[in-house]
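Commentary on secondary and tertiary structure
Letter by letter, the chains look like this.
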Amino acid sequence: MAKVVLSSALSRWLPQSDVARPAGEVALTVSGASIGEALEHVFAQYPNLRGYVLDEHGTVRHHLALFVDGAAIRDKRDLSQAIGNGSEIYVMQALSGG
Amino acid sequence: MSDVLLVSSRKGLFVLERGNGEWRIARREFLGDNIALAMCDPRDGSWYAALDLGHFGNKLQRSTDHGVTWSECAVPAYGEGDEVGTGDGKPPQPAALRLIWSLEPGSAEQPGRLWAGTIPGGLFRSDDHGASWQLMRGLWDLPERRGWFGGGYDQPGIHSICVDPGDARMVRIGVSTGGVWASDDDGATWEQCANGMRAEYMPPERAYDPNVQDVHRLVQCRGQPDVFWAQHHNGVFRNDGGDWREITNVSPSVFGFAVAVHPRDADTAWFVPATKDVRRIPVDGQVVVARTRDGGRSFEMLRDSLPQRDAYDLTLRHALAIDASGDRLAFGSTTGGFWITEDQGDHWRMLDARLPPVHAVTFVGA
């Protein structure tokens, strides 16, 4: 299992039914052997998040950063990078954008 | 008359209400978020807000309770292989939604129909209140579309959509930069109709090429739908059917972004002029509104209670609105100024607020 952490700027767009959650980062535990598979499990839980993280072609948005076990992914079009049991994926807004 | 205004700004959607003769900010929605535009659907009273979130892309929200609660709709999306080719020499790029730049409802006989104009130049139609969107291939696949280019943005975009009040199958769009296009069959097929427009800045042999015209804003008179007005990069144009006619006597400048036309009297229209075109500030630091009541033969400069010294307020293309009565208008600026008139511009009142940069203004029920 991997941990996917959504920054507070992202988690605030989760559906209104979840607004009772405390504000701030949201950590989800999901299965998946790659970054893409892990994200798909997140999107299965929160379908609207897909368009916040990926554009319509499946590329990580230009002003979004994905850190996997502390390292930023190198190719925003390629989410096939393998992850291990206990990997941590941080999904956060890049400081270049906004 | 409309007593509610939606002001879309860089830092939220502001709901203005009129009470006891005064306008005030009644509510603040999406505070801190970049709102590109808002639209009020006269068919069912629902409100739409297009959000341009810098990190997370463009979103569309809908409210069926006048903005108290919102739910997210789908947004237009480009497909694999869709490509943006432009006529100004930029290399082709994969098409992806950059901005929802215009949003208009269909007619009462088309419940659920919405039109969305986007950057990078695709027009989309929804027939289910924004739950799904279809790219109008008949326009997107035209070879001329690859001759469009960006005006103010890197890529071209559709900023104006006019659904004919008499026959909603007839749709006209304004493109920056790509002229004016018309469809008479619900968006299936299109033809260019910017003949007569002139782009002074282009090489002489291209100046009258309809496909390069930088239309800043296109509006249609509801009561006289054969009449259109356009604020163009190069000046003001009017169309009564046939070719466009250039109007050159607008004081203090023919340059600007916004235009509004009276809902019943096509000869009455308003503009917010600016110094062209690299400065884009009010002429002499004075905010004025230009009004014609004779179809463009003459213009009055309206300046009562508008700032007349060291004012650097630029009004963007969607930031001037008129209500259904034709008496109330409102406009906002990129420096957060906001003014409302209730007598067609003879007198203005400034909203007592320092707003974020204003992108778009619309009356509810207009």
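Conventions and cut-offs
- Throughout this document, residue positions are counted from 1 along each chain, in the order its sequence is written.
- Here every chain gets a letter starting at A, and every ligand a number starting at 1, in the order they are written.
- Totals for whole chains, interfaces and linings use all residues, but because this is a predicted model, local features are given only for residues with pLDDT of at least 70 and pairs of side-chain atoms are given and counted only at 80 or more.
- Each helix is a run of H or I in the DSSP string that is no shorter than four residues. Each strand is a run of E no shorter than two, and both are numbered from the N terminus.
- We compute the radius of gyration from the C-alpha atoms alone; for a globule the expected value is 2.2 Å times N to the 0.38, where N is the number of residues.
- Residue burial is a threshold on neighbouring C-beta atoms within 10 Å of the residue's own C-beta, all placed from the backbone, with 20 or more meaning buried, 12 or fewer meaning exposed, and counts in between meaning partly exposed.
- The contact criterion used is a C-beta to C-beta distance within 7 Å, with each C-beta placed from the backbone.
- Connectivity within a nonpolar core runs through C-beta atoms within 7 Å, and the core itself is a set of buried Ala, Val, Leu, Ile, Met, Phe, Trp, Tyr and Cys residues.
- Basically, the charged four are Asp, Glu, Lys and Arg, the nonpolar ten are Ala, Val, Leu, Ile, Met, Phe, Trp, Tyr, Cys and Pro, and anything else, Gly included, counts as polar.
- By the convention used here, strands pair only if DSSP detects at least 2 bridges between them.
- You can read pLDDT as the predictor saying how much it trusts each residue, on a scale of 0 to 100.

Looking at the overall build of chain B
The number of helices and strands found in chain B is 1 helix and 30 strands. Relative to a compact globule of 366 residues, whose C-alpha radius of gyration would be 21 Å, chain B shows 19 Å and is just as compact. The dimensions of chain B, computed from C-alpha atoms along their principal axes, are 55 × 50 × 40 Å. The 366 residues of chain B split such that 52% are buried. For chain B, long-range pairs separated by at least 24 residues make up 50% of all intrachain contacts whose partners lie at least 6 apart in sequence.

Details of the nonpolar core
Among the nonpolar cores identified, the biggest contains 127 residues, and A38(B), A258(B), V259(B), A260(B), L320(B) and V361(B) are the most heavily contacted of them. When near neighbours in sequence (up to four residues on either side) are disregarded, A38(B) contacts L6(B), S8(B), L13(B), W47(B), Y48(B), A49(B), A360(B) and T362(B).

Quick notes on the interface of chain A and chain B
By a widely used convention, the size of an interface equals the accessible area lost when the partners come together. Listed per partner, the contact involves 16 residues of chain A and 12 residues of chain B. Among the secondary structure elements, those contributing two or more residues to the side of chain A that touches chain B are α1 (8-11) and α3 (50-53) of chain A. Within the side of chain A that touches chain B, the residues separate by chemical class into 6 nonpolar, 7 polar and 3 charged.

Concerning the pairing of strand β4 (residues 35-40) of chain B
All names here are of chain B. Most of β4 is tucked away: 6 of the 6 residues are buried. In this sheet, strand β5 (residues 47-53) lies alongside β4 in antiparallel orientation, the contact comprising 5 bridges. Looking across to β5, one finds that L37 is bridged to A50. If you look at the hairpin formed by β4 and β5, you'll find 6 residues sitting between the two strands, and G45 has a positive phi there, around 75°.

Observations regarding the confidence of the model for chain B
Of the residues in chain B, 100% reach a pLDDT of 70 or more, and the chain-wide mean stands at 96. This prediction of the complex comes with two scores: 0.95 for pTM and 0.86 for ipTM.

Overview of the sheet that holds strand β15 (residues 171-176) of chain B
Backbone hydrogen bonds hold the strands of a sheet together, and the pairing may be parallel or antiparallel. All names here are of chain B. Taken in spatial order, the 4 strands of this open sheet run β14-β15-β16-β17, and their pairing is antiparallel. This sheet does not close on itself; its edge strands, each paired only once, are β14 (157-163) and β17 (191-192). As paired strands, β15 and strand β16 (residues 179-183) are joined by 5 bridges and run antiparallel to one another. Considered in β16, the bridge of V171 is made with S183.

Brief notes about unusual backbone geometry
All names here are of chain B. Residue T177 is reached from S176 by a cis peptide bond, and omega for that bond is -5°. Considering the arrangement of structural elements, one finds T177 in the loop between β15 and β16. In this structure, F30 is a non-glycine residue whose phi angle is positive, near 55°. Tracing the chain through its elements places F30 in the loop between β3 (22-29) and β4.

What to know about the pairing of strand β3 (residues 64-68) of chain A
Residues and elements named next belong to chain A. A one-sided burial pattern is seen for β3, the buried positions being L64, L66 and V68 and the unburied ones A65 and F67. In this structure, β3 lies alongside strand β5 (residues 88-93), joined through 5 bridges in antiparallel fashion. If you follow F67 over to β5, its bridge partner there is Y90. In this antiparallel pair of consecutive strands, β3 and strand β4 (residues 71-72), the connection spans 2 residues, and D69 shows a positive phi of 50°.

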